[in-house]
Amino acid sequence: MAILVTGGAGYIGSVMVEALLENGEDVVVLDNLFRGHRASIDPKVPFYTGNIGDRKLIDRICADHEIEACVHFAALAYVGESVTDPQLYFKNNVEQGIALLDGLLDAGVRRIVFSSTCATYGEPQYMPLDEQHPQSPTNPYGWSKLMMEKILAACDHAYGLKYVALRYFNASGATLRRGEDHSPESHLIPNVLYAAMGRIPHVSVFGGDYPTPDGTAIRDYIHVADLCSAHVLALEHLRKGETSECINLGTEHGYSVMEVIETARRITGSPIETRMEPRRAGDPSRLVANAEKARAVLGWQPRYDNLETIIQSAWDWHRSHPDGYSD
Ligand SMILES: NC(=O)c1ccc[n+]([C@@H]2O[C@H](COP(=O)([O-])OP(=O)(O)OC[C@H]3O[C@@H](n4cnc5c(N)ncnc54)[C@H](O)[C@@H]3O)[C@@H](O)[C@H]2O)c1
């Protein structure tokens, strides 16, 4: 019995593959390598290069391997790109996502762990955000994820598909061998570290006039290894025959952009130049998770929930991989 990891060559997926292998699981990876890296995956792991929307390929993977569950990371995930090209996002994340589900259902796979996002909540009405918060995304990326959540719920009702949709806050940090290597990079922590390494001249800070103590936006940064340990627990939850759930994954701590930059300055010893830019449309001032449900339902406990540890792990990875995966 194997676990299919879609998007396994991406940032979070590659750490998940590492975690599953450490747990002795059989893993199969499907990734079109549009934003992922073949070098992030152990060559011994069966790897299929292709689209999640390729029904013939899904059928072949399910015929070649006895797929027991799917951890579905594969998606495009840049908010700005989704605003300028929404169709790309709906086709890739929703249309192809439906084809993947179709193939899995036909093959008798009934367990899915799905990468959702706090972007499904939209403009916060209260803080911290719990799972009951209304969902009204402010961009096509968030909508594409919310649509997939609704499709999963309908498939549970109709076909008995059981799923855990994990709504991540800001994934960050690295393990010793796997880290964040996106091109273009839109996330704060890798960009701050690129500035420390001299790969970019400065870090853009989008908005210095938010109603926060230092005027910059506050986010909840969760270590990628903690994210993945929650996915392992979500798989166990499904194997025990438990109900489908939507669950937040965050640390419940919020850090401002300037706190991230100050912490990175201390860790790297670099001055890290900043440039103040206008706020980005649709960027709320504060996004912090209520993660009580992850603790209560999954028994999850984050191990690396402080900013120093997160940034240090990312810095260690970037220094040992100055050109990323170099592919
Ligand atoms: N990084 C975050 O902070 C964050 C926050 C919330 C949610 N998420 C979600 O988590 C998942 C993983 O995020 P990530 O940061 O690792 O992104 P990533 O871009 O590093 O990884 C996604 C992977 O999916 C692959 N992919 C995309 N579309 C595909 C398709 N149609 N067929 C096959 N492969 C495809 C890409 O090549 C890439 O390797 C995504 O679904 C994202 O929306 C990420």
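Keep in mind the model is a prediction, meaning the values are calculated, not measured.

### Let's talk about the overall build of the chain
Move 1: For the chain, the count of helices and strands is 10 helices and 14 strands.
Move 2: Computed over the C-alpha atoms, the radius of gyration of the chain is 19 Å, within 12% of the 20 Å expected from 2.2 N^0.38 for a compact globule of 327 residues.
Move 3: By its C-alpha atoms, the chain is 55 × 40 × 40 Å across when sized along the principal axes.
Move 4: Counting over 327 residues, the chain shows a buried share of 49%.
Move 5: Pairs at least 24 residues apart make up 79% of the contacts formed inside the chain by residues separated by at least 6 positions.

### Here we look at the nonpolar core
Taken as a class, soluble globular proteins show a tendency for nonpolar side chains to be buried jointly.
Move 1: Formed by 99 residues in total, the largest nonpolar core has its most connected members in L166, V192 and L249.
Move 2: Among the elements that take part in this core, helix 7 (residues 224-239) stands out by supplying nine residues, more than any other.
Move 3: The two domains that each donate at least three residues to this core are domain 1 (2-172 + 221-249) and domain 2 (188-219 + 252-320).
Move 4: When neighbours within four sequence positions are excluded, V192 is seen to be in contact with V203, V260, I261, A264 and I272.

### What to know about unusual backbone geometry
Move 1: Here M127 and P128 are connected by a cis peptide whose omega angle stands at 0 degrees.
Move 2: The topology assignment puts P128 in the loop between strand 5 (111-117) and helix 5 (140-159).
Move 3: In this structure, L33 takes a positive phi of about 65 degrees despite not being glycine.
Move 4: In this structure, L33 sits in the loop between strand 2 (26-31) and strand 3 (47-49).
Move 5: We classify L33 as partly exposed; it has 13 C-beta atoms within 10 Å.

### Observations regarding the domain arrangement of the chain
Move 1: Taken domain by domain, the chain holds domain 1 (2-172 + 221-249) and domain 2 (188-219 + 252-320).
Move 2: Between the C-alpha centres of domain 1 and domain 2 the distance comes to 24 Å.
Move 3: Looking at the side of domain 1 that touches domain 2, the elements that each hand over two or more residues are strand 7 (170-172), strand 10 (221-223), helix 7 and strand 11 (245-249).
Move 4: Top element by residues in the side of domain 1 that touches domain 2 is helix 7. It accounts for seven residues.
Move 5: A breakdown of the residues in the side of domain 1 that touches domain 2 according to their chemical character gives 14 nonpolar, eight polar and five charged.

### A short note on the packing of helix 4 (residues 86-106) against helix 5
Move 1: It is at 9 Å that the axes of helix 4 and helix 5 come closest, and there the two elements cross at 20 degrees. Regarding the angle of helix 4 to helix 5, the classification is roughly parallel. For helix 4 against helix 5, the interelement crossing comes out right-handed. Taking contact as the criterion, the partners of P86, Y89, F90, N93, V94, G97, I98, L101 and L105 in helix 4 are, on helix 5, P140, Y141, S144, K145, M147, M148, I151, C155 and Y159.
Move 2: Of the residues assigned to the contact of helix 4 with helix 5, the class counts are 14 nonpolar, three polar and one charged.

### Things to note about the site of the ligand
Move 1: Lining the immediate environment of the ligand, one finds 28 residues, of which G7, G10, G36, A75 and A171 sit closest.
Move 2: Mapped onto the shell around the ligand, the elements with two or more residues apiece are helix 1 (11-22), helix 4, strand 5 and strand 7.
Move 3: Among the elements that line the shell around the ligand, the one with the most residues is helix 1, at three residues.

Criteria and cut-off values
Once a new chain begins, its residue numbering starts again from 1 and follows that chain's sequence as written. Given that this is a predicted model, residues contribute local features only at a pLDDT of at least 70 and side-chain atom pairs are listed and counted only at 80 or more, while totals for whole chains, interfaces and linings are drawn from all residues. Note on conventions: DSSP H or I runs of at least 4 residues are helices, E runs of at least 2 residues are strands, and numbering of each starts at the N terminus. When we talk radius of gyration, it's over C-alpha atoms, and the globule rule is simply 2.2 Å times the number of residues to the 0.38. Neighbour density around each residue's C-beta defines its exposure: 20 or more other C-beta atoms within 10 Å make it buried, 12 or fewer make it exposed, and counts between make it partly exposed, where C-beta atoms are placed from the backbone. Any two residues are considered in contact once their C-beta atoms, placed from the backbone, lie within 7 Å. Each nonpolar core comprises buried Ala, Val, Leu, Ile, Met, Phe, Trp, Tyr and Cys residues, the members being joined through C-beta atoms within 7 Å. Residue ranges labeled as domains rest on an automatic or database domain assignment. Just so you know the grouping, Ala, Val, Leu, Ile, Met, Phe, Trp, Tyr, Cys and Pro go in nonpolar, Asp, Glu, Lys and Arg go in charged, and all remaining residues, Gly too, go in polar. Each axis is a line fitted through C-alpha atoms, and for a helix only the stretch in contact is used; angles between axes span 0 to 180 degrees, taken between their N-to-C directions. Roughly parallel here means an angle under 35 degrees, roughly antiparallel means over 145, roughly perpendicular means 65 to 115, and every remaining angle is called oblique. Take the far helix as your reference; a near helix turned counterclockwise from it by less than a right angle gives a left-handed crossing, and one turned clockwise gives a right-handed crossing. Nearness rests on one distance test: the residue's C-beta atom, set from the backbone, must lie within 6 Å of the molecule or strand.

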